[in-house]
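# Survey of secondary and tertiary structure
Now for the letters of each chain:
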Amino acid sequence: MRLEAVGRRYGIGKPWVLRDVDLELRPGTLVRIEGANSSGKSTLLRLLAGIDAPSAGRITGRPRTAYVPERFPAALPFTALGYLTHLGRIHGMRRGPAVTAARRWLERFGAGGLADMPLAELSKGGCQKVALAQALLAGPELLVLDEVWTGLDRRASAELDRAVELIHGAGGVAVFAHPLAAQCRYFVTTTVWTCMRKTR
Ligand SMILES: Nc1ncnc2c1ncn2[C@@H]1O[C@H](COP(=O)(O)OP(=O)(O)OP(=O)(O)O)[C@@H](O)[C@H]1O
């Protein structure tokens with residue numbers, strides 16, 4: 001996947017949040033995004049995930065992508081299991097395997113007991129686990145994580161580490177913003193902050 005001269009601003013005449021970002025994500029890469037508050041980390045992650053479009057430049061070669069936002073929009077009329085099953089179906093899974101995979105991911109994050117709870121009633125941590133499960137359900141080639149380790153319990157955090165390592169080992173790409181750089185155990189293979197500094 002390649003970003004060429006990518007820029008993003010939120011309205012014509014508004015200041016550029018990102019400008020002239022060139023980045024190549026090769027298979028088997030882990031990328032940690034660093035940057036000060038409001039430097040544009042989430043903006044860049046949304047562009048990588050494909051849920052937002054650049055105002056300038058171009059992005060090519062996006063693989064099968066999954067995204068976990070900093071805040072999961074939980075006000076949806078589903079139970080956790082119902083939501084995950086629907087997403088599995090959207091990804092082309094049959095209903096039975098989708099239910100099985102959804103339950104398995106909830107269990108792995110220590111959230112098996114949340115399966116039948118309405119999303120709107122989940123705690124912040126519960127929502128985060130459902131958000132991670134939805135991202136990992138269909139085996140993404142590119143996993144985009146926006147500050148998701150913060151607040152995760154030890155078990156879920158270790159499970160997420162394992163999932164990232166598996167994607168990496170299979171030649172996939174994980175890109176994540178991680179505010180606690182000193183605690184981050186991954187090697188930084190590309191630092192995007194150098195690109196971001198161009199925006200100031
Ligand atoms: N949808 C939006 N509409 C208008 N401005 C936005 C929007 N999203 C982000 N911004 C602005 O873009 C700038 C960068 O925001 P962004 O959330 O990408 O930064 P960040 O580095 O992730 O910040 P933080 O570390 O605080 O999470 C900020 O000034 C923010 O107000």
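The model shown is predicted, which means the values in this text are computed figures rather than measured ones.

Each helix and strand counted, the chain has six helices and seven strands in total. Taken from the N to the C terminus, the helices and strands of the chain come in the order β-β-β-α-β-β-α-α-α-β-α-β-α. Counting over 200 residues, the chain shows a buried share of 37%. Across the chain, every contact between residues at least 6 apart in sequence was considered, and the portion connecting residues at least 24 apart equals 71%.

Another point: the pairing of strand β1 (residues 2-9). With five bridges joining them, β1 and strand β2 (residues 16-24) adopt antiparallel strand pairing. Residue pairing across strands places R8 opposite L18, the latter belonging to β2. Counted along the chain from β1 to the antiparallel partner β2, the turn is six residues long, and its residue G11 has a positive phi close to 125 degrees. One ladder, built from four bridges, connects β1 with strand β4 (residues 56-60); its direction is antiparallel. Within the sheet, the bridge partner assigned to G7 lies in β4 and is A56.

Attention now goes to the nonpolar core. In terms of nonpolar packing, the biggest core is built from 53 residues, with L84, A102, L132, A133 and V144 touching the most fellow members. The element that contributes the greatest number of residues to this core is helix α4 (residues 124-136), accounting for seven residues. Each of two domains, domain 1 (1-64 + 140-200) and domain 2 (74-138), supplies a minimum of three residues to this core. Contact partners of L132, with chain neighbours within four places excluded, come to V68, F109, V148 and L160.

So, about the packing of helix α2 (residues 80-90) against helix α3 (residues 95-108). Any two packed helices are characterised by the angle at which their axes cross and by the distance between the axes. At a minimum axis separation of 8 Å, α2 and α3 run at an interaxial angle of 130 degrees. In terms of axis orientation, α2 runs oblique to α3. By crossing handedness, the relation of α2 to α3 is classed as right-handed. Contact with α2, carried on its side by A80, L81, L84, T85, G88 and R89, involves R95, A98, V99, A101, A102, R103 and L106 of α3 and no other residues of that element. Taken together, the residues of the contact of α2 with α3 break down into eight nonpolar, two polar and three charged.

Let's shift gears to the domain arrangement of the chain. Domain assignment breaks the chain into domain 1 (1-64 + 140-200) and domain 2 (74-138). Among the elements that make up the side of domain 1 that touches domain 2, the one with the highest residue count is helix α5 (residues 154-169) (five residues). Of the residues contributing to the side of domain 1 that touches domain 2, the split by class is seven nonpolar, one polar and three charged.

Around the ligand, the neighbouring residues are Y10, V17, G35, N37, S38, S39, G40, K41, S42 and T43. At three residues, the largest contribution of residues to the shell around the ligand is made by helix α1 (residues 41-49). Here the residues of the shell around the ligand are counted per class, giving two nonpolar, seven polar and one charged.

What counts and how
- Residue numbers here run from 1 along each chain, matching the order of that chain's written sequence.
- Whole-chain, interface and lining totals are the exception, using all residues; otherwise, since this is a predicted model, local features are given only for residues with pLDDT of at least 70 and side-chain atom pairs are given and counted only at 80 or more.
- Secondary structure follows DSSP: runs of H or I at least 4 residues long count as helices, runs of E at least 2 residues long count as strands, and numbering of each begins at the N terminus.
- Remark: C-beta atoms are placed from the backbone, and a residue is labelled buried if 20 or more other C-beta atoms sit within 10 Å of its own, exposed if 12 or fewer do, or partly exposed between those counts.
- Each residue is represented by a C-beta atom placed from its backbone, and any two residues with such atoms within 7 Å are regarded as in contact.
- DSSP bridges decide pairing: two strands pair if at least two such bridges lie between them.
- As used here, a nonpolar core is made of buried Ala, Val, Leu, Ile, Met, Phe, Trp, Tyr and Cys residues. They are joined through C-beta atoms within 7 Å.
- Domains are outlined according to an automatic or database domain assignment.
- The axes used here are C-alpha line fits, helices contributing only the stretch in contact, and every angle between their N-to-C directions lies in the interval 0 to 180 degrees.
- The labels follow the angle: roughly parallel below 35 degrees, roughly antiparallel above 145, roughly perpendicular from 65 to 115, and oblique for the rest.
- Each crossing is labelled by how the near helix is turned from the far one, with a counterclockwise turn of less than a right angle marking it left-handed and a clockwise turn marking it right-handed.
- Each residue gets one label: Ala, Val, Leu, Ile, Met, Phe, Trp, Tyr, Cys and Pro are nonpolar, Asp, Glu, Lys and Arg are charged, and the others, such as Gly, are polar.
- Defining nearness, a residue is near a molecule or strand when the C-beta atom obtained from its backbone falls within 6 Å of it.

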